[in-house]
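Secondary and tertiary structure notes
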Amino acid sequence: MLKDKNILLGVCGSIAAYKSAFLVRLLVKSGANVKVVLTTDGANFITPLTLATLSKNPVYTQYFEEETGVWSNHVELGLWADLMIIAPISANTLAKLATGICDNLLTAVYLSAKCPVYVAPAMDLDMWKHETTQHNIKRITSFGNTVIAPASGELASGLYGEGRMAEPEEIVSFLNHAILKAMPLYGKTAMVTAGPTYEAIDPVRFIGNHSSGKMGFAIADTLVRLGAEVTLIAGPTAQKATQPLKRIDVVSAADMFNACSEHFPQSDITVMCAAVADYKPKTVAEQKIKKKDSDLNLALEKTVDILANLGKNKTKGQVLVGFALETNDEENYAKGKLEKKNLDLVVLNSLNDQGAGFKSDTNKITIFNKALEKTTFEMKSKTEVANDICEAILKIIK
Ligand code: CTP
């Protein structure tokens, strides 16, 4: 969840500041870009050098460096952040956030930030319980900030009670969960098919097609990024998913049908991107077919139309998306498939568009919705096309 996120970590004056070093390490390990703003009091507990080394970025302590005059732009820092976390936050800084006091770089950055802000308080038991502190906590929560509650335990004062900053591991897991919950497809399950199917002729030969699986894998990855729990049913392909998802590898149309039938009832969103064979050999030879002098005729029979089958069994609230790869009379064929297979969206690729369809890294699509409204897109990378398709799905879900 935190991969490639820009995270601004504020560190205030508290003995818990030593835990910030571990927090920076965990955030960096999760793939986040981390910049640290350290208050003057914070710098009494942990050195900028430690945090700069771990975050691999300069640490910001002042508006400007007295010796060099180098200026730290609080607005730029605030806008850079996808997420701001102040850990530990002291009672003093908490009071400043609650009242808008802006007398140091950290509070100025806070006021400039437009991203979600999380705070992890650390203070002595009685300071934490004090009505003023609790009032300030309520106030900053009412501004939309999130408090990661302190835990109970032995405190630096020797007293025992609530006030210990949450452990760095807990903070990271809290952030991961919060990001996941804020995603538009959080709580939704999705099923995507991708790649070709291979229909066996004999133990060494098959009927297949040129589908690379790139489009389906890009869609599956995008749905995960939007928060869905994704099952990807893939025909034979060398593609690899970049996001965490459940992958089921299949070979033939019949295998794909079985896997889809099992997972479809639980799927809120289904995108059938696979290039499923329409015909398969009527019989599969048990031994390798030997070359003869005469011609060889293969008798073929229809495979099951998986998409049409799912369309028949679709229940209220399920979103079903199909593809149509056409060479002529494209729009009519696509609209026909939308209606015949009971789809919510059909994504049309025309093999007449250069750079569209199988194997290429780009695609050019037209989407029709149930009302037969048409949206045409430019030629784009398959990742961008996946975004467009998922946007269209989001419109239906909303
Ligand atoms: N599809 C499927 N099962 C099949 C064939 C196709 O689920 N046996 C799905 C594909 O994944 C795609 C859609 O149906 O989402 C359209 O596939 P396409 O081959 O273009 O359409 P067909 O209905 O097979 O019609 P035709 O081949 O005549 O164009």
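Everything that follows concerns the structure shown earlier in this document.
For the structure given in this document, a descriptive report is provided here. (Residues numbered from 1 in each chain as written. Predicted model: local features only at pLDDT ≥ 70, side-chain atom pairs only at ≥ 80, totals over all residues. Heavy atoms only, no water.)

1. Re the overall build of the chain
We apply this condition: Counting from the N terminus, the helices are DSSP H or I runs at least four residues long and the strands are E runs at least two residues long. Just to be clear, the radius of gyration here is over C-alpha atoms, and the globule rule we use is 2.2 Å times residues to the power 0.38. Partly exposed describes any residue whose relative accessible area lies between the buried limit of under 20% and the exposed limit of over 50%, with all areas from a 1.4 Å probe on protein chains only and scaled to the type maximum. Any two residues whose heavy atoms approach within 4.5 Å are treated as being in contact. Shrake-Rupley sampling with a 1.4 Å probe provides the accessible areas, and residues are treated as covered by the protein chains on show and by no other component.
Tallying secondary structure elements over the chain gives 13 helices and 22 strands in all. The C-alpha atoms of the chain give 28 Å as radius of gyration, which overshoots the globular expectation for 398 residues (21 Å, by more than 25%). Principal-axis analysis of the C-alpha atoms places the extent of the chain at approximately 90 × 45 × 45 Å. Residue burial in the chain is summarised as follows: out of 398 residues, 46% are buried. Of all intrachain contacts in the chain linking residues separated by at least 6 positions in sequence, the fraction that spans at least 24 positions is 65%. Surface accessibility of the chain: about 20300 Å² in total, with carbon and sulfur atoms responsible for 52%.

2. Quick word on the packing of aromatic side chains
Applied cut-off: Aromatic contacts are taken between Phe, Tyr and Trp rings whose centres are within 6.5 Å, Trp giving its six-membered ring; a plane angle under 30 degrees counts as stacked, one over 60 as edge-to-face, and the others as tilted. In this scheme, the term charge over a ring applies when either NZ of a lysine or CZ of an arginine sits within 6 Å of the ring centre and within 35 degrees of the ring normal.
Taken as a whole and assessed by the stated rule, the structure comprises two aromatic pairs. Seen in terms of ring centroids, Tyr118 and Phe174 are 6.3 Å apart; in terms of plane orientation they differ by 80°. Their pairing is edge-to-face. Taken as a pair, Tyr118 in strand E5 (residues 117–121) and Phe174 in helix H8 (residues 168–181) lie far apart in primary sequence, 56 residues in all. Taking 3.7 Å as the distance between ring centres and 10° as the angle between the ring planes, the aromatic pair formed by Tyr198 and Phe206 counts as stacked. Over the aromatic face of Trp80 sits the side chain of Lys35, whose NZ or CZ is 4.4 Å from the ring centroid.

3. Some points on the pairing of strand E10 (residues 199–202)
The test is simple: For two strands to count as paired, DSSP must find a minimum of two bridges between them.
Both E10 and strand E11 (residues 205–207) contribute to a ladder of three bridges, which runs antiparallel. Note on E11: the bridge partner recorded for Asp202 is Arg205.

4. Topic: the environment of His130
For His130, the location among the structural elements is in the loop between helix H6 (125–129) and helix H7 (131–142). Linking His130 and Ala91, residues 39 residues apart in sequence, is a C-alpha distance of 9.9 Å.

5. Description of the side chain of Gln318
Selection rule: Distance and chemistry together define a polar contact, namely a pair of N or O atoms within 3.5 Å, with one atom able to donate a hydrogen and the other to accept it when in protein, and with adjacent residues in sequence counting only for side-chain atoms on both sides.
You can see Gln318 is positioned in the loop between helix H11 (306–313) and strand E17 (319–326). A polar contact of 2.9 Å, which involves the side chain of Gln318, links it to the backbone oxygen of Phe264. A polar atom in the side chain of Gln318 sits 2.9 Å from the backbone oxygen of Ser267. When near neighbours in sequence (up to four residues on either side) are disregarded, Gln318 contacts Phe264, Pro265, Ser267, Asp268, Asn313 and Asp344.

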